[in-house]
Amino acid sequence: MVEFQMQNDLNFIYIMAFQQEETYLYDPNLLLKLDFHQSPAKFNPFISAACPGETWLKVRPLKDSDFDRGFLQLLSQLTHVGPVTRTQFLTRFSQMKSTGDYYVTVIEDARKNEIIAAASLVIERKFIHNCAIRGRLEDVVVNDTYRGKQLGKLIVVTVSLLARYLGCYKMTLDCKDKLIKFYESLGYVLVPGNANSMTIRYDDEPSTAKHNLASFNSVTNDSPPAEACQTVSLDFNS
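All values reported here derive from a predicted model rather than from experimental measurement. (Residues numbered from 1 in each chain as written. Predicted model: local features only at pLDDT ≥ 70, side-chain atom pairs only at ≥ 80, totals over all residues. Heavy atoms only, no water.)

(A) Inspection of helix α6 (residues 151-166) at higher detail. With 16 residues, α6 ought to run about 22 Å at 1.5 Å a step, and its terminal C-alpha atoms sit 22 Å apart, in line with that. Residues Leu151, Leu154, Ile155, Val156, Val157, Thr158, Val159, Ser160, Leu161, Leu162 and Ala163 constitute the buried set of α6. Just past α6, the residue Gly167 takes up positive phi, approximately 100 degrees. (Helix = DSSP H or I, 4+ residues; strand = E, 2+ residues; numbered from the N terminus. Expected span 1.5 Å × (residues − 1). Buried < 20%, exposed > 50% of the residue type's maximum accessible area, 1.4 Å probe, protein only.)

What follows is the structure in C-alpha cells.
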C-alpha cells in the first residue's frame, strides 16, 4: 500500500511538472488583443478567440506538449504527415519558436484534451514596402466531427487578425476553387492576374538530396496538392 501511494505521488508530481513546463509557440496574450469586429466575417452567434462559444473550447498558440493532444493526427486529415517522432516534433517546434516567424494557432477541446482545429500564420520578411512583413495562411484544418460550430471561420479570422496586429501589409493563401467563396466571406479577394498556384516538388527526390537539405537546417513548408489552387489575398493597406 505504501509503495502504491508513493507511485501515485510520483505520478502526480510528474503530471504537475509536465503541465508547468509546457511552452507556447508564441505569446498567448496576443490573441486577447485581437478585435474581431475588424473582420467582415459574420458570426452567428458572435464568437472570438477569447470567447469561442463553448466553455470547453480554447483558442491558443500551439504548445510543445500538443504532440500528445493529437495535433499531428489532426494535420493528417489535411495532408500527409508521416511517422513524426516526439523528438522530431520538439526539434521543429524549437526551430519555429526561435525564429519568431511562426504563429501556429489551435483550438482545443478541453473536455478531451484534444486539438480539433489549427491554422498557421507564417511571416515573410521583405525588402519591398520599406522592409515590410507579409503573412501567409497555411495548414488550415478542422476536425470533421465539429462542424456547425463556426470553428473553420474562427481559426482563419483569428490568424488573419493576428497578421494585421503584427503589422503585415497583406496576408495571402492558396485554396481550391470550392473554398473561394468561404475565404471571400472573411475578407479575402482573388489576386487579379495571379489566380494560379505553381510549384516544384522536391519530396520525391533521392534520399541523398533530402539528407543534403536537412544538413543545412532548412525549414520547409508542405506544398499544396497538385490540384490547381487560387491565390487569395487580404490587403491591410486598402
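(B) Structural context of the sheet that holds strand β4 (residues 133-142). The 7 strands are arranged β1-β2-β3-β4-β5-β7-β6 in an open sheet whose pairing can be described as mixed. Both outer strands of the open sheet, β1 (57-61) and β6 (189-190), are each paired with one neighbouring strand and no more. Direction of pairing for β4 relative to strand β5 (residues 170-175): parallel, over a ladder of 2 bridges. Note that in β5 the partner of Gly135 across the bridge is Met171. The strands touched by α6 within the sheet are β1, β2 (102-109), β3 (114-125), β4, β5 and β7 (230-235), with β2 carrying the most contacts at an inclination of about 150 degrees. (Pairing = 2+ DSSP bridges. Contact = heavy atoms within 4.5 Å. Axes fitted to C-alpha atoms, helices over the stretch in contact; angles between N-to-C directions.)

(C) Molecular detail of the pairing of β4. Along β4, 7 of the 10 residues are buried, which leaves the element largely enclosed by surrounding structure. Note: β3 against β4, 8 bridges, orientation antiparallel. Residue pairing in the sheet places Ile123 in a bridge with Gly135 of β4. In this fold, β4 hands off to α6, which returns the chain to β5; that crossover is right-handed. (Right-handed = clockwise from strand over helix to strand, strands pointing away.)

(D) Highlighting helix α4 (residues 86-99). If you check α4, its first and last C-alpha atoms are 20 Å apart, about what 14 residues at 1.5 Å a residue would give, namely 20 Å. Within α4 the residues assigned to the buried category are Phe89, Phe93 and Met96. All buried residues of α4 project into a common sector of 65 degrees when viewed along the axis, lining one side. In α4, the exposed residues that point more than 90 degrees away from the buried face are Thr87 and Ser98. Residues of α4 that are buried make contact with α3 (71-75) and β2. Just past α4, the residue Gly100 takes up positive phi, approximately 75 degrees. (Arc of directions from axis to C-beta.)

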